[in-house]
Amino acid sequence: MQNHTVEVEVAHGDQALTFSPVFNAAVPFIDRHLQEGRADKVVIRTNRGVEVTYAGLAENVNRCGNALLGLGIGRGERVIMIVKDCAEFFYCFWGAIKAGLIPVPVNVMLRAKDFTYIVGDSGCSAIVYSPEFADEVEAALDQLDERPDHCLRVEGDGDSLQTLILAASAELEPVPAKAEDDCFWLYSSGSTGSPKGAVHRHRDMVVTSEFYGVQVLGIHENDVCFSAAKLFFAYGLGNGMTFPLWVGASTVLYDARPTPQSTFETIEQFKPTLFYGVPTIYAAQLQALETESRDLSSVRLCASAGEALPADIFNRWRQQTGLTILDGIGSTEVLHIYISNRVDDIKPGSSGRLVPGYQARILDDSGEAVPSGENGRLWIRGDSTARCYRNDSEKTTQTMVNGWFNTGDTYLQDDEGYFHYCGRNDDMLKVGGIWCSPFEIENKLIEHPKVLEVAVVGRADDAGLVKPEAHIVLQNPVEADEALAADLLAHCKQGLAPYKYPRWFQFVPELPKTATGKIQRFKLRS
Ligand code: 3UK
């Protein structure tokens, strides 16, 4: 086997990673563990009772890579994954990478029209999906003029990824790639509604695992990870897969929607040492802890990302559980967290300080750095940033400039060096840590025959977390009542991803507008 190694160099305080000239990420993340004596160590445990060792993982990655190659999928071609958190997610993702194909994990909660868009935009050769999502995926496939060459269920009757894996060879040489070569894509929602594919390289997962995983979380071989955020999300992909694989640790996978009950039960049963959530899950867990007590004693540290963690949630969690939550900001484009609090350096309510390996700039509208304490646009530089957006050179040139990435967030750095989130530069909302476009909800509501005009904005709930609120002008204002609000809610839930519905409906006589007729959203945000 060729030498696919990576070295971490720390020179004069500068952090740099050096990669061998031939580098396929599957080698250090998967195959290395066999050479390092972890063949019999269990790496994956699932809520369905599945246990996979490092040897079993490496074998199934090879089998899955061969199964995909056996279908005739060629180098650089995309494999869309609409896959729940399960062992096959690992086999498919790493099998594709080892074989030189590009896996593209997608948010499993999206609906048919979103999948249709992504399948078309990616020009994928194959789509692999868990049977749980068959209705939406198959409806999406029916809407396409041209289906991908291969549409495969992960498991179930007939031909499935599982049957192909069983029949394929267990030997696979890694495709000799370079650290800068394209490796996988992740779709992220844009403010105009259509998701954009962020093109990530082989080195990117190494950078995030080493700089945030090892140097901020201090993850080590004996850790057991459990991420309530799913693997399809860049946050969950690091938490629940790449970080544990980087250090030879293990991970616990839960394949359904995370609720306070299911996350507590998973923690009690599998005793993770690292727990990763989003603010919404911590808020829901805190509410549950008011009436029940739970054993979280295995956990040494918690992490939060996706949206800002209010200081109140941080404080109450510490009071209730004795545990620390590290809030950090990351993105799909940078792949993981680039500014974070540390175990021994926390300012509740702030995002913390820079993660090693990253640089930050806060700029005003003319591109000048703002003084500390003042608001500006946050730009980030680091080696895990996506090479480009697929199919969108205009957005790439606007947001990725000389290695710097425009996060789209307004931030300030205080005189102690902590970064504070001050809001988005666009109208996009984070709901439960996941992107939500107000325009998409508006477009859904305007379809309703009783709606004349609508504007959706973010409003903070009791826990300080933003959720969508709809301001609605009716065709016939006298019809405003609770029954109509319930009808509008049902209308939204049909065809929008489950987290994207308005939590409040306000019936208003008119929307505030500028002289040119543009809705003044800021006037609606209370
Ligand atoms: C917002 C935050 C305040 C912010 C992500 C960790 O969320 C992730 O990626 P996305 O592409 O969204 C990125 C945007 O979300 N955001 C995320 N974390 C925080 N705002 N405080 C935070 N702690 O607007 C950012 O630009 O969905 C998070 C790791 C990997 C990720 N992809």
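As the structure is a prediction and not an experimental result, all values here were calculated from the model. Note that residues are indexed from 1 along each chain, following the sequence as it is written. The predicted nature of this model means local features are confined to residues of pLDDT at least 70 and side-chain atom pairs, given and counted, to a pLDDT of 80 or more, with totals for whole chains, interfaces and linings taken over all residues. Side-chain measures here rest on the full set of heavy atoms in the structure, leaving out hydrogens and waters.

### Digging into the domain arrangement of the protein chain
Stated precisely, the cut-off is as follows: Boundaries of every domain are those given by an automatic assignment or by a domain database. Two parts lose some accessible area (1.4 Å probe) when they are put together, and adding that loss for both gives the buried area. Every case where a carboxyl oxygen of Asp or Glu lies within 4 Å of a side-chain nitrogen of Lys or Arg is listed as a salt bridge.
Here the protein chain is described as being made up of domain 1 (6-201), domain 2 (224-424) and domain 3 (429-525). Here the C-alpha centroids of domain 1 and domain 3 sit 36 Å apart. The junction of domain 1 with domain 3 conceals about 810 Å² of combined surface from both sides, 51% of it contributed by carbon and sulfur atoms. Three residues stand out in domain 1 for area buried against domain 3, namely Met109, Arg111 and Ser189, and they jointly supply 53% of the buried area on that side. Inspection of the domain 1/domain 3 interface yields one salt bridge. For Lys113, the salt bridge identified is with Glu440, shortest N-O distance 3.0 Å.

### What about the pairing of strand β28 (residues 504-507)?
What counts, and what does not: Two strands make a pair as long as DSSP finds a minimum of two bridges between them. Starting at the N terminus, helices and strands are each numbered in turn, a helix being any DSSP run of H or I of at least four residues and a strand any DSSP run of E of at least two. A clockwise course of the path from the first strand over the helix to the second, judged with the strands pointing away from the viewer, identifies a crossover as right-handed.
When strand β27 (residues 466-474) meets β28, the two strands line up parallel, connected through four bridges. What sits directly across from Ala470, in β28, is Phe505. Handedness of the β-α-β unit built from β27, helix α14 (residues 482-493) and β28 comes out right-handed.

### Observations regarding the sheet that holds strand β6 (residues 102-105)
Neighbouring strands of a sheet are bound in pairs by backbone hydrogen bonds; such pairs are parallel or else antiparallel. Basically, it comes down to this: In this analysis, axes come from line fits to C-alpha atoms, helices being fitted only over the stretch in contact, and the angle between any two N-to-C directions falls in the range 0 to 180 degrees. It only takes one pair of heavy atoms within 4.5 Å for two residues to be counted as in contact.
A sheet is described by the order of its strands in space; here four strands give the open sequence β6-β5-β7-β8, paired in parallel fashion. The strands lining the two open edges of the sheet, one partner per strand, are β6 and β8 (150-153). On average, each strand axis in the sheet is inclined to that of its neighbour by 20°, with strand direction left out of account. Examined bridge by bridge, strand β5 (residues 78-82) and β6 share four bridges and lie parallel to one another. Its bridge partner being in β6, Arg78 is matched across the sheet by Ile102. In this fold helix α5 (residues 134-142) packs onto β5, β7 (126-129) and β8, with an angle of close to 160° to the strand it touches most, β7.

### So, the environment of Asp135
To be explicit about the condition: Remark: exposure states derive from per-residue accessible area (1.4 Å probe, protein chains only) relative to the maximum for the residue type, with buried under 20%, exposed over 50%, and partly exposed in between.
By the element assignment, Asp135 lies in helix α5. On the accessibility criterion, Asp135 (67% relative accessible area) is exposed. For the pair formed by Asp135 and Phe522, sequence separation is 387 residues and the distance between their alpha carbons is 38 Å.

### A closer look at the site of the ligand
We count it as follows: Being near a molecule or strand, for a residue, comes down to having at least one heavy atom within 4 Å of it. Counted as a polar contact is a pair of N or O atoms within 3.5 Å, where, for protein atoms, one must be capable of donating a hydrogen and the other of accepting one, and residues adjacent in sequence contribute only when both atoms are in side chains. A 1.4 Å probe and the Shrake-Rupley method give the accessible areas. Residues count as covered only by the protein chains that appear here. Here the term charged refers only to Asp, Glu, Lys and Arg, the term nonpolar to Ala, Val, Leu, Ile, Met, Phe, Trp, Tyr, Cys and Pro, and the term polar to all other amino acids, Gly among them.
Near the ligand there are 24 residues, and of these Asp327, Gly328, Thr332, Asp409 and Lys430 occur at the shortest range. Residue Thr332 places a side-chain N or O atom 2.5 Å away from an oxygen atom belonging to the ligand. In the complex, the protein chains occlude 98% of the 620 Å² of accessible area that the ligand would expose alone. Element by element, the count of residues in the shell around the ligand is highest for strand β15 (residues 325-330), at four residues. When the residues that make up the shell around the ligand are grouped by side-chain class, the tally is eleven nonpolar, eight polar and five charged.

### A word on the environment of Leu172
Along the chain, Leu172 turns up in the loop between α6 (161-167) and β9 (182-188). Of the residues examined, Leu172 reaches a relative accessible area of 12% and is grouped as buried. Remark: the alpha-carbon pair of Leu172 and Asn66, spanning 106 residues in sequence, is separated by 6.9 Å. Beyond its immediate stretch of four places on either side in the chain, Leu172 contacts Val61, Asn62, Gly65, Asn66, Leu69, Gly95, Lys98 and Ala99.

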